[in-house]
Amino acid sequence: NLQKDEKMQDMLSNSTPQIKTINLFTSILTNDPVPTEFEITILPIVNLDETACNDRDFCGEFDPSRSFLKVGIHLGIHAPSLPHLAREFRCAYSKLRQVFMQSSKDSGDRKACNIYSNTGIQIMNVTRCLLLVCPDHASAWADRRRVLLQSMDESEENSYCTVQSNMLQDEIRFLDLVFTQHSKAPNAWSHRKWVCRHLICVVARNLSDGNNGGQFLKWAEYERNLCVKIAERYPKNYYAWTHKLFVSKTILKEWHKANAENGKLDFTILIKDMESFLKNEVETTVPWLKSHISDHSAAHYGGEVLTLWLETGQRHLKKEKDVLVWKIKKIQNMMETSRSLCSSFASYEVMWIWKRICCRIYINILSSAFGCESFNVDFLLGAMKYLIDNEINATDQNMKLARKHCTPSDVDERHEKYSLSFRLWTLNQLIQSESSVYVRNLNDLTTTRDETRKDLVNINLLPYTKW
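This text gives an overview of the structure that appears in the document. (Residues numbered from 1 in each chain as written. Predicted model: local features only at pLDDT ≥ 70, side-chain atom pairs only at ≥ 80, totals over all residues. Heavy atoms only, no water.)

### Considering the overall build of the protein
Regarding its fold elements, the protein presents 18 helices and 3 strands. Each of the 467 residues in the protein was classed as buried or not, and the buried ones make up 49%. Within the protein, counting contacts between residues at least 6 apart in sequence, those at least 24 apart form 74% of the total. With an accessible surface of roughly 23200 Å², the protein has 50% of that area assigned to carbon and sulfur atoms. (Helix = DSSP H or I, 4+ residues; strand = E, 2+ residues; numbered from the N terminus. Buried < 20%, exposed > 50% of the residue type's maximum accessible area, 1.4 Å probe, protein only. Contact = heavy atoms within 4.5 Å. Areas by Shrake-Rupley, 256 points an atom, 1.4 Å probe, with all protein chains shown as cover.)

Below, the structure is given as structure tokens:
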């Protein structure tokens with residue numbers, strides 16, 4: 001191992017300027033106060049006449065001290081220096097990776113490349129610098145996972161759960177720093193999921209010692225708050241909403257797993273906390289859509305957590321009939337809010353998508369009630385009538401009123417397009433579903449669907465296949 005460390009130093013000694021830059025940047029990142037936000041921008045420490053002279057080919061030796069500025073917890077990287085920094089970090093990483101990979105293959109002891117070895121420390125430092133500049137470098141993220149995994153294997157042998165947790169928490173904090181500048185880097189988000197999965201395993205292992213499940217909720221709330229912060233700062237962030245959904249599904253899965261494997265846990269309390277978590281996520285969807293009227297990812301996330309909440313909620317109800325009644329009433333409330341959104345923001349597609357999501361869940365619930373023998377048929381007929389009156393007929397009436405009281409030029413064509421598209425989609429879903437048996441006049445709905453299709457084709461700006 002000592003020979004390999006010496007070989008590593010020899011390989012890197014030929015690139016002294018690279019090591020100088022990496023050591024400087026690493027000290028900035030690790031010394032107190034540790035930065036929690038960074039930005040690639042034009043730094044005031046560089047004179048205007050020097051901004052174009054950051055390449056040694058034109059201005060002599062590159063000075064890394066002019067490329068970084070830390071003020072408190074805020075870190076800045078000079079944008080014109082970015083290409084040069086990326087080249088230096090990639091070159092140093094490429095040389096070090098050769099030694100790292102060879103050491104991993106040749107050494108029979110996996111501890112030779114863990115986070116405590118010289119090679120492991122160098123890999124973590126170089127990749128930290130590289131990923132802040134090039135956040136989608138897949139090999140760099142993979143090597144960080146290798147070092148962490150080998151380090152966790154060693155700590156697991158010695159039952160150091162706290163050590164594992166600290167390593168993973170440090171990686172989470174590094175990712176928090178990356179996301180302050182690079183919030184839409186797919187490999188970074190994938191790496192965070194990997195870290196979260198291992199962190200959850202550590203938490204689950206602690207549950208066997210009789211601890212409560214509050215740690216699950218604490219982790220979920222931290223990840224949720226991070227995703228909300230990123231989605232607010234960088235709108236329409238698909239990766240943030242996808243990760244948020246991953247958190248909601250993961251914590252529900254782990255709670256079920258913990259209950260199955262550990263009889264010491266009070267599952268009633270855990271489910272109550274989970275219901276509260278999901279309910280809060282559902283209730284914040286509509287306010288978010290009101291202030292972010294073009295966020296498609298938020299609407300999709302709202303539909304997914306709404307489904308999870310309806311599946312998990314009210315487990316104290318023993319009868320299947322009571323559970324279905326509760327679900328129908330809750331989704332009817334959500335459909336009412338969706339109608340209000342479409343009324344206020346009729347020309348925005350996201351609101352109509354959210355309306356579709358609520359109706360799809362409602363139709364699926366009615367279809368599931370089809371096999372419940374104890375269910376009151378009159379109640380199902382009333383529930384179906386509610387859908388037809390409020391989502392199909394009312395949509396058509398509102399559009400007719402808009403045409404009647406406004407001139408053709410005042411009627412928003414997008415409103416008309418989204419309204420007709422939603423109506424046609426709902427009719428198709430309803431006619432094709434098992435719940436159509438509760439429709440008294442199914443032939444009338446089929447006729448209405450054909451008429452709606454004709455109206456939709458006649459819209460000038462809408463291709464026939466668009467809807």
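### With respect to the pattern of salt bridges
Inspection of every chain in the model, using the stated rule, returns 14 salt bridges. Across the pair Asp-176 and Arg-192 runs a salt bridge, and its minimum N-O distance is 2.9 Å. In this pair, Asp-176 is assigned in helix H7 (residues 161–179) and Arg-192 in helix H8 (residues 186–207), connecting sequence segments 16 residues apart. Judged by relative accessible area, which is 0%, Arg-192 ranks as buried. Salt-bridge contacts for Glu-391 lead to Lys-355; the nearest nitrogen and oxygen are separated by 2.7 Å. Taken together, the residues Glu-391 in helix H16 (residues 377–405) and Lys-355 in helix H15 (residues 349–369) connect sequence positions 36 residues apart. (Salt bridge = Lys/Arg side-chain N within 4 Å of Asp/Glu carboxyl O.)

### Brief notes about the side chain of Asp-295
Relative to the helices and strands, Asp-295 is located in the loop between helix H12 (285–291) and helix H13 (296–312). Only 3.3 Å separates the side chain of Asp-295 from the backbone nitrogen of Ala-298, close enough to count as a polar contact. (Polar contact = N/O pair within 3.5 Å; in protein donor to acceptor, adjacent residues only side chain to side chain.)

### Considering the packing of aromatic side chains
Applying the stated criterion across every chain, the model contains 11 aromatic pairs. Relative to Trp-326, the ring of Trp-309 has its centre 5.4 Å away and its plane inclined at 75 degrees; by these criteria the two rings are edge-to-face. In this pair, Trp-309 is assigned in helix H13 and Trp-326 in helix H14 (residues 320–344), connecting sequence segments 17 residues apart. Neither Trp-309 nor Trp-326 differs from the other in exposure class; each is buried. Ring geometry for Tyr-362 against Tyr-386: centres 6.2 Å apart, planes inclined by 50 degrees, an arrangement best described as tilted. Of this pair, Tyr-362 sits in helix H15 while Tyr-386 sits in helix H16, and the two are 24 residues apart along the sequence. An aromatic cluster is built from Phe-25, Phe-68 and Phe-89, whose rings are joined through pairwise contacts. Its guanidinium or amino end placed over the ring of Phe-174, Arg-144 lies 4.6 Å from that ring's centre, counting from NZ or CZ. Taking the ring centre of Phe-246 as reference, the NZ or CZ of Lys-193 above it sits at 5.7 Å. (Phe/Tyr/Trp six-rings, centres within 6.5 Å; stacked < 30°, edge-to-face > 60°. Lys NZ or Arg CZ within 6 Å of the ring centre and 35° of its normal.)

### Side note on the packing of H7 against helix H9 (residues 214–233)
Here H7 crosses H9 at 10 degrees, and the two axes come no closer than 11 Å. Regarding the angle of H7 to H9, the classification is roughly parallel. When H7 is examined against H9, the residues Ile-172, Asp-176 and Phe-179 are found in contact with a partner set consisting of Tyr-222, Glu-223, Leu-226 and Ile-230. (Axes fitted to C-alpha atoms, helices over the stretch in contact; angles between N-to-C directions. Parallel < 35°, antiparallel > 145°, perpendicular 65-115°, else oblique.)

### Some words on the nonpolar core
It is characteristic of soluble globular proteins that their nonpolar side chains tend to be buried jointly. With 117 residues, the main nonpolar core has Phe-25, Leu-306, Ile-331, Trp-354 and Tyr-362 as its most contacted residues. In terms of residue count, H15 provides more of this core than any other element does, 13 residues in total. Once you skip the residues sitting within four places of it in the chain, Phe-25 turns out to touch Phe-68, Leu-75, Ile-77, Phe-89, Cys-129 and Leu-132. (Core = buried A, V, L, I, M, F, W, Y, C linked by side-chain atoms within 4.5 Å.)

### A closer look at unusual backbone geometry
A cis amide bond, omega -10 degrees, links Asp-32 with the succeeding residue Pro-33. With respect to the helices and strands, Pro-33 occurs in the loop between helix H2 (16–30) and strand S1 (37–41). One non-glycine residue with positive phi stands out, namely Lys-236, at about 55 degrees. With respect to the helices and strands, the residue Lys-236 is situated in the loop between H9 and helix H10 (238–261).

### Quick word on the pairing of S1
Of the two faces of S1, the one lined by Phe-38 and Ile-40 is fully buried and the one lined by Glu-37, Glu-39 and Thr-41 carries no buried residue. In this structure, S1 lies alongside strand S3 (residues 74–78), joined through 5 bridges in parallel fashion. By the bridge assignment for S3, Thr-41 is matched with His-78. (Pairing = 2+ DSSP bridges.)

### Considering the sheet that holds strand S2 (residues 68–71)
Sheet architecture is open: 3 strands sit in the order S1-S3-S2, paired in mixed fashion. At either margin of the open sheet sits one strand with a lone partner, and together these are S1 and S2. With direction set aside, neighbouring strand axes in the sheet form an average angle of 20 degrees. Bridging between S2 and S3 involves 4 bridges; their strand directions are antiparallel.

### Notes on the state of the cysteines
According to the stated counting rule, one finds 0 disulfides in the structure shown. Free cysteine Cys-227: the closest other cysteine sulfur is in Cys-196, separated by 8.7 Å. We note that Cys-359 lacks a disulfide partner, and the nearest cysteine sulfur, in Cys-358, lies 6.9 Å from it. A residue is classified by how much of its surface remains accessible, and Cys-359, at 0% relative accessible area, is buried. (Disulfide = S-S within 2.5 Å.)

### Quick look at the packing of H15 against helix H17 (residues 413–432)
The geometry of H15 relative to H17 is characterised by a closest axis approach of 10 Å and an angle of 15 degrees between their N-to-C directions. Classed by the angle they form, the pair H15 and H17 counts as roughly parallel. For H15 against H17, the interelement crossing comes out right-handed. Residues Glu-349, Trp-352, Lys-355, Arg-356, Cys-359, Arg-360 and Ile-363 of H15 form the contact with H17, whose own contacting residues are His-415, Tyr-418, Ser-419, Ser-421, Phe-422, Trp-425, Gln-429 and Leu-430. Residues that form the contact of H15 with H17 fall into these classes: 7 nonpolar, 4 polar and 4 charged. (Left-handed = near helix turned anticlockwise from the far one by under 90°. Nonpolar A, V, L, I, M, F, W, Y, C, P; charged D, E, K, R; others polar.)

### Comments concerning H17
With 20 residues, H17 extends 28 Å from end C-alpha to end C-alpha; this agrees with the ideal 28 Å at 1.5 Å per step. Burial runs high along H17: 16 of the 20 residues are buried. (Expected span 1.5 Å × (residues − 1).)

### What to know about the environment of Arg-90
Relative to the assigned elements, Arg-90 resides in helix H4 (residues 82–106). Each C-alpha atom, one on Arg-90 and one on Ala-140, is 9.6 Å from the other, the two residues being 50 residues apart in sequence. Sequence-distant contacts of Arg-90, that is, excluding residues within four places in its chain, are made with Leu-130 and Cys-134.

This is a description of form; function is not addressed.
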